[in-house]
Each structure stands twice: as C-alpha cells, then as structure tokens.
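A structural walkthrough
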Amino acid sequence: MKKVFLFFVSCLFFPFSYVEAANPLQEVNISAQPGTKSITSGSYANNLTMREERKVGIGVGAGGALGFTGVNLELNLEDENATLMGFGFGDGYNTVHLQWKHSFEGQYLTPYFSAGYSRWYNTQERDMKDASYVLRTVLSDSTLKKGPFSADFLVGSLGLQYNELEGEWAGAGFYFEFNLLGSMNKSVLIPSGGLGAIYYF
C-alpha cells in the first residue's frame, strides 16, 4: 500500500517525473505465447496480460464524466473489457457515473473507448449562477439559481492510456481522453476532455 500511496502522491505533485524510458536490458520471455506472462517477475508481455492478472484498478481523474475531479474504480471482467465506476465533484455539485470500457491490445501506449451514464446533481438550495459550462448548457438559469437540480448524460469516450508493464511500478498508468456528453435533459452534445492516473492490483 505504501507503493500505491507514493504513486498517487507523485501523480499530484510530480506528474512528469514518473514517465521513464523502458530498460532495454531487462530480461523478458520473448518466446512466450500472446496473452501469457513473461518470465521476469513484475513484467508483462502487453497491456491485456497485465489486465488479465490485475483485476482491480483505482485511480484519480479530472474532467469528463467526473466533473471537476474525482475517483474511479475499474473492474477488469476480462482482459479487454471492464466496468468503470466513478464519483466526482465540482463547485456546488457532485457526480456519479457507470461505464463499460474496452481496451485494445498493445504495450505502453494503448487506445480504448468507453460508454455509459453520468449524473450531475445538487441536493441543496444554492445559487449556482456561476456553475460549470456543462451545467449551464443543459439547465436554465432559474434552476441553477434556486437548486436543487440534476442533469443526466449518456457518455462516450475515446482515450489513450500509458501502461507501465515492467519493474516496481508495473500496474501503474496515466490516461487522457476525449468525451462527448449527450444530455438527457436537452437534445445537445457537449464535448469535454479528461485525464487521470490509475493503479491496477
């Protein structure tokens, strides 16, 4: 747990100090069949091998379906497909989302897409006239001024994820993604973006 704690601290305060070039001298089993783990302890042949063994991912993120910022829980049902759950917040509102995520096979940089549902809400009376761009797009000024409110979205995302497959930090990753939030309150599509870090156990 100490390693995981240090990883998330490094994400918050030193986001660029983590990325290192892979060690070309590290021994791996190049004859292993696709989808099997390499001989070297803590090393994986590709991202799907890592996801097959490490079933749970916990991460922090900002933007997209989370709102301003929040936490994500990823459950790898199989090597390519996962369930993604998250809880976030922003100035005067909270968010919750549930999505399906599909990852493509690769090594250090791999694409993925996800789709699901996100709800942004406030349960208290509060003047939200300076709410986020997303909320101001789908809710009226009168609704935001008096509260409480809720806004529902269908979410589609396309992203790129960096995966650490070797050594002490195997299982760690960073990602950035492009999102489309389809409002269920209004017939409107809202573009957004997100980024974050995740660690798989």
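Numbers given for residues are sequential positions, taken from 1 along each chain in its written order. This being a predicted model, a pLDDT of at least 70 is required before a residue's local features are given, and a value of 80 or more before pairs of side-chain atoms are given or counted; all residues contribute to the totals for chains, interfaces and linings. Side-chain numbers come from the whole structure's heavy atoms, not from hydrogens or water.

**Structural notes on the nonpolar core**
Side-chain atoms within 4.5 Å are what join buried Ala, Val, Leu, Ile, Met, Phe, Trp, Tyr and Cys residues into a set we call a nonpolar core. Burial classification: accessible surface area is computed with a 1.4 Å probe over protein chains only, and a residue below 20% of its type maximum counts as buried, one above 50% as exposed, and the rest as partly exposed. With 16 residues, the main nonpolar core has L135 and F153 as its most contacted residues. In this text, helices come from DSSP runs of H or I with a minimum length of four residues, and strands from runs of E with a minimum of two, each type numbered from the N-terminal end. Those elements that place two or more of their residues in this core are α3 (133–138) and β6 (149–163). Tallying contributions element by element places β6 first for this core, with four residues. When checking whether two residues touch, look at their non-hydrogen atoms; a contact exists if any pair is within 4.5 Å. Sequence-distant contacts of F153, that is, excluding residues within four places in its chain, are made with G116, Y117, S118, W120, V134, V138, L181, G182, S183, M184 and I190. Y44, L165, I198 and Y200 belong to the second largest nonpolar core, which has six residues in total.

**A word on the pairing of β6**
Look at any regular strand and the pattern is simple: side chains alternate between the two faces of the sheet. Where strand β5 (residues 109–122) and β6 come together, 14 bridges link them in antiparallel fashion. Note that in β6 the partner of T110 across the bridge is Q161. In this description, strands pair whenever DSSP reports at least two bridges between them. Where β6 lies against strand β7 (residues 172–183), eleven bridges are found, and the strand directions are antiparallel. For G156, the partnering residue across the bridge sits in β7 and is L180.

**Brief notes about the confidence of the model for the chain**
On average, residues of the chain score 84 in pLDDT, and 79% of them are at 70 or above. By definition, pLDDT measures how confident the predictor is in each residue, and it falls between 0 and 100. In the predicted structure, residues 35–41 sits below a pLDDT of 50 and forms 17 contacts with residues beyond four places in sequence or in another chain.

**Observations regarding the sheet that holds strand β1 (residues 56–63)**
One closed barrel holds the eight strands; their spatial order is β1-β2-β3-β4-β5-β6-β7-β8, and the pairing between them is antiparallel. Each strand axis lies, on average, 25° off the axis of its neighbour in the sheet, ignoring direction. Pairing of strand β2 (residues 69–76) with strand β3 (residues 81–90), which is carried by eight bridges, proceeds in the antiparallel orientation. Bridged to V71 within β3 is F87. What counts as an axis is a line fitted to C-alpha atoms, over the stretch in contact for a helix, and the angles between N-to-C directions run from 0 to 180 degrees.

**What about the pattern of salt bridges?**
Side-chain pairs of opposite charge can arise whenever the charged atoms involved come near each other. Salt bridge, as applied in this entry: a Lys or Arg side-chain nitrogen positioned within 4 Å of an Asp or Glu carboxyl oxygen. This model, assessed by the stated rule, comprises four salt bridges. As a salt-bridge pair, K55 and E52 come within 3.8 Å of each other at their nearest N and O atoms. Take K55: its relative accessible area is 33%, and that puts it in the partly exposed class. For E52, a relative accessible area of 40% translates into the label partly exposed. In this structure, the salt-bridge partner of E74 is K101, at a minimum N-O distance of 3.1 Å. Pair noted here: E74 is in strand β2 and K101 is in strand β4 (residues 93–103), with a separation of 27 residues, a long-range link. A single burial state applies to E74 and to K101, both of which are buried. Residues joined by salt bridges that share partners form a network here, namely R51, E74 and K101.

**Focus on empty space enclosed by the protein**
Residues are said to line a cavity or pocket when one of their atoms sits within 4 Å of a point; the points come from a 1 Å grid over protein atoms alone, cavities being sets where a 1.4 Å probe fits but cannot get out and pockets being open sets with protein on both sides within 12 Å along at least five of seven lines. Grid points are joined across faces, edges and corners, and a volume is the space filled by probe spheres set on the points. Summed over all chains, the structure comprises two cavities of 30 Å³ or more. Along the walls of the largest cavity sit 26 residues, with N72, L84, Y112, Y175 and E177 positioned nearest its centre. Among the elements that make up the lining of the largest cavity, the one with the highest residue count is β1 (five residues). A per-class count over the lining of the largest cavity returns eleven nonpolar, twelve polar and three charged. If you add up the space inside the second largest cavity, you get close to 30 Å³. N47, R51, S103, T110, Y112, Q161 and N163 are the residues that line the second largest cavity. At the level of secondary structure, the elements contributing two or more residues to the lining of the second largest cavity comprise α2 (47–53), β5 and β6. Among the residues forming the lining of the second largest cavity, the class breakdown is one nonpolar, five polar and one charged. Charged residues are taken to be Asp, Glu, Lys and Arg, nonpolar residues to be Ala, Val, Leu, Ile, Met, Phe, Trp, Tyr, Cys and Pro, and polar residues to be all remaining types, Gly included.

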